[in-house]
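# Observations on the model geometry
In case you want the letters, here they are:
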Amino acid sequence: MTINVLRKEAHSEGFTTVAYKTDGTAIITGGQDSKLHVYNTLRSQRNTEPKILDEHTEPVCAIATHRANFATAGEDGTVLIFRNSTNDFEKFLVRSTTPIRSLSFNNNGTRIAVATDENVIRIILVRDISKVVTLSGHTTLVKSVAFSPTSDHMISTDIGGDIKIWDMNHSSGAPQCVKTLPGAVRKCASDADVMNTIAWSPDGAYFCFAGKEHEICVYSTKDWTQKYALEFAHFNDIITMAWSPNGSYIASVGKDRTVVIWDTTNQSDVVKYENTDAISGVAWHPQENELALTDLKGQLLMWYDPINISTMGHPAKKATQEVDDLEHLFEESSTQQASLSNNGGSTRQESLLDNVAQDHDIEEDEEGEELDDEGEDVDMASDMGDFVIDDDGAGYAEEQQQPQRQTTIRNGITGRAIGPQHKITEQATFQPGSTTFRTMDTAVQPPTPLEGERRYMAFNMFGIIYTIYQGAHSIVNVEFHDQAHNRNFHFTDYYHYTMASIGPDGAVFAVEGGKRRKKEEKSNDDEDSREPAGVTPSVIHYRPLMNWANNLEWTIDLPEGENVKSITINESAVIAVTSAGYVRMFTISGLQNHIFRLENIVATAAHGNLVLLVYKNGGTGLNGEQNLEFMLMDTTTQDIIQRGNLPLQKSSHLTWIGFSETSVRQKLKNLLDVFQALMYDSNYVLSILHRQRSFGQSYWIPVFDGKLTAKTLERQERYWPVGMLRDRLMCLIVRGTNDAPYFPRPPVDDIELHMPVINLDTEAGQLEEAHMRMRLISNHDRTEAIATNQQDEYYDVLKEADADMDKTLLRLIQIACRTDKEQRILDLAAALHSSRSVDAAVKVATHFKLSNVAEKLVQIKEEKFMMHDEMLSLSKRSMELDLDDESISSKRIRY
Amino acid sequence: MALPRSHQAAYTPSEIEFLAGEEDIIIIPTHSMPKLQFISGSFGPFRPPLKAKVPLWLALMLKKHHMCNILSPEWLSVDNLKKMLNDEETVAEFSPLPFHYMEISMMLLESASEDIPNSEQVRRYLKDLRETRQSKARAGLAVLDDRYLGMNNLSLMEINEIRPFFSRAFLEMRKLNAEESNNYSQPPA
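Residues numbered from 1 in each chain as written. Chains lettered and ligands numbered in written order. Predicted model: local features only at pLDDT ≥ 70, side-chain atom pairs only at ≥ 80, totals over all residues. Heavy atoms only, no water.

### Quick look at the overall build of chain B
- The helix and strand inventory of chain B stands at 6 helices and 5 strands.
- Buried residues in chain B amount to 41% of all 189 residues. (Helix = DSSP H or I, 4+ residues; strand = E, 2+ residues; numbered from the N terminus. Buried < 20%, exposed > 50% of the residue type's maximum accessible area, 1.4 Å probe, protein only.)

### Re the interface of chain A and chain B
- Counting from both sides, the interface comprises 13 residues of chain A and, opposite them, 11 residues of chain B.
- Buried surface at the junction of chain A and chain B, both sides included, amounts to about 1,100 Å², of which 58% is carbon and sulfur.
- Linking chain A with chain B are 2 salt bridges.
- A salt bridge links Asp749 of chain A to Lys51 of chain B; its shortest N-O distance comes to 2.2 Å.
- Counting across the chain A and chain B interface gives 4 residue pairs in polar contact (both at pLDDT 80 or more).
- By residue class, the composition of the side of chain A that touches chain B is 6 nonpolar, 2 polar and 5 charged. (Contact = heavy atoms within 4.5 Å. Buried area = accessible area lost by both parts, 1.4 Å probe. Salt bridge = Lys/Arg side-chain N within 4 Å of Asp/Glu carboxyl O. Polar contact = N/O pair within 3.5 Å; in protein donor to acceptor, adjacent residues only side chain to side chain. Nonpolar A, V, L, I, M, F, W, Y, C, P; charged D, E, K, R; others polar.)

### Details of the confidence of the model for chain A
Residues and elements named next belong to chain A.
- Scored by pLDDT, chain A comes out at a mean of 78, with 81% of its residues at no less than 70.
- Residue range residues 517–532 is modelled with pLDDT below 50. Its contacts to residues more than four positions away, or to other chains, number 20 contacts.
- Segment residues 666–670: pLDDT under 50, and 6 contacts once partners within four positions in sequence are set aside and those in other chains are kept. (pLDDT = per-residue confidence, 0-100.)

### Some words on the UniProt feature "repeat: WD" (unreviewed entry) in chain A
- The feature "repeat: WD" (unreviewed entry), as given by UniProt, occupies residues 8–49, 135–169 and 231–272 of chain A in the numbering adopted here.
- For residues 135–169 of chain A, the end-to-end C-alpha separation is 13 Å, with 0% helix and 54% strand making up the annotated structure. (UniProt positions renumbered as here; feature names shortened; annotations may be inferred.)

### Thoughts on the sheet that holds strand β24 (residues 258–263) of chain A
Residues and elements named next belong to chain A.
- With antiparallel pairing, the 4 strands of this open sheet are ordered in space as β22-β23-β24-β25. Every interior strand has two partners, whereas the edge strands, β22 (238–243) and β25 (268–274), have only one. For this sheet the average axis-to-axis angle between neighbouring strands, irrespective of direction, equals 20 degrees.
- Bridge analysis of β22 against strand β23 (residues 249–254) gives 5 bridges, and the strand direction is antiparallel. Following the sheet pairing, Thr240 is matched in β23 by Val253. (Pairing = 2+ DSSP bridges. Axes fitted to C-alpha atoms, helices over the stretch in contact; angles between N-to-C directions.)

Printed below as a string of structure tokens:
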């Protein structure tokens, strides 16, 4: 199933707010452009234009709805009342000199609480605006107010972080503050996007708010104490939240751009959705499985079916109101009756309006309650729903076309076991190590970055390329980690290169074609100004880093209509993937030396003489598989070294590919580098392609789990990989809302790799992990040595690695001896690499008085080491031992 | 040494600076280098952008040759110093700064100020901190007696400042008190 989100450009960029009318017929949004938009929610009318109300003169900050009317308020300091049925402006409620931050109707809609940028809260009688009660008690500016949906309580927050609970019907006659929760929420600015919303559960038994540590605290109204917290899903401040109409879910939105839907029964997050921008408004449809969101870009997002009701409870229907429901069915089945039902509703509502006296309202409430009860009875009895669901397989698309059926289904389902949730994000094409511009000017089409905006185009272990957008041109900066051989440089870029890659010999830049360039933008120092009239071609440009000869630089225009999609460079070749489905290879000097076809390439990375190409094999699967494959190629011989599937968990996607780099020091000559393909996915797991040289034998081994690492370090951070050295992940640590680094350039951090083995918190677990990891690395070195015929050069390294592994093994043996795990001792001893180590193991065993084990160890020693002749070279010997080693590891799994 | 007699008991500032040079600091090398062998140990190999932990003196030497960037220690940030200064002014205890904080920050600000974010502000806060701590230490000396003087988290440089006066005064007081206590405690036999 897909995520069914309908986006609409509603307001200009900035804070937006959203609310549903209480009958669910319309969404009201307000934003920075000081306009209110009213969208019809009927699915048949979802593409119609909204009705625009422009009574406000400044940005709209708050919308509150009640049966008959809705109130809006904004920075212009006015609260306006509109009629629900006709969307007509009715009257001014409040005029204040300070901006209004929050509004709330009380449970019967007779009063409205207003939070302005003052220390007092005003309660205004809707019917008679001259009747105002002010509540004072807050010591700082009031940020939000919220009436209980059922009782006479009201809760308010201020920017100093205090929460006050008021009893509006106190025995003393005047409203009284009954409890203060000092410093319960984060301090914020009065005009901050964070709203410090207090969200009441619809039954009035709980309320929740965003705590200080990006969690949601749920409080009970019985004793005003915290019941539980919903945490570990938001990485940054929570802006606001809303309970679903039946109280079984909470939808929260944060600065980390995600929407999280929490199940309140088992207190866990059940659905997550990541938007392109932070979301500042959230509202549930009063009857449907639908969520309305507005983001800081001014967009309205209507999210249909956020909850998979085939496996989980419906967010709105538990105690359904039979009458409303029937009305609703009727409404959706025919297209015409929208006005009808509105009319029907408005007669009732108007009578309400005319007679806002409290008693009348109470009657209305009672009526509603009766209906509630009836609804429940009906609900219990209906087994039909289940029957229907089995029948149609709960196909979502079908359901949308058959709303009647859908509602019946929903009626039947109350709380059910929660099944797996997948959201589909199709794997996007990306350039490893690049980021996007942070702020884009959306006023022009296509959106262009603001002047002075910058982004990384390439960030690897060799260097960094970043570009600064300057309008007519860009400045491209190239910086190196190792400045011994290369100087940092920058140049003016008239093409606005969109992708780049850097290697030890040069940097390559590319831009898609098709942009119309103005004549005056051509510069004199740009030698290749042979631009044809009309559209520009796609360009590949190579810049050497070493200037031993003249004219090493080259530029190639691709044929018209063919665009570069991805580009990369290694020591011997420039590899460009184009929209024509070609992989074009050039030598460093610009000579075309290979071309082959490969469609749907997602990303490319190159290092040494290898290139890793990741491509889609078919589309994204319905249950979230990305179906990616990889191909590892030698660019000098053009041999395919390895190809296969890229293991990606469902509903995750690939975020980075690259190569690890192990510098092995040779005895006499310079450094010897070995490379190993890497992948990093949206679950922050780094995997390494093991045995990449033996065709058909390779597999991906997870060597780092970012989530786990952050958890053990007790930090909220993410790792943005740059590369990998022998046993360390080189990455940039990203905190807060961003998932990509920004400027100034953060220092590259190194984090020790940890394979996600079990029992990492015990010493034995850590040692097992260390041994496994060391074995992995040295196996790789060994195969690499054989593949490149450099066994002699590797000799020292391998010996050192063997010694290290033996040390770890001996410590494990010691632990095993201590706990009397005799079979395990033998397993471990069999993996030892030298007879001296086995001798040590024998000593350990005798120390622990395990004489039978010691005897067996001596046997192992004899079997393994005595039979080998001295003439066998050490390296060969360790090769064979390694095979033993592997057979043992399979044995060990049994434990 | 051409120091006045009273100061000979203490270190000279340059001696303290030398001692502080042994503190470890993290650098990001900008040149790859093989292992460097020194009498005090071997460091490296360096492989940019991999961070390396080296003694301060080596870091400063590499910095002088533009071969590394020094990663400013965590405590040497405006936020932290601000907090420390605030604590220093409100709490009676000395705030926990590294033993060689004055020397390290001095050396870093002198030769690697571009690697320290907001170095000007850092410098200002350090100055304020130093003055507050100095006056605190002086106030602490006022309660000197012949038994002990407890001032936690005092840095070497600060100890050094009060050392000449303190050691002399302490000895004198002990001498006086020793006579007293001898007088009192002499058993009547």
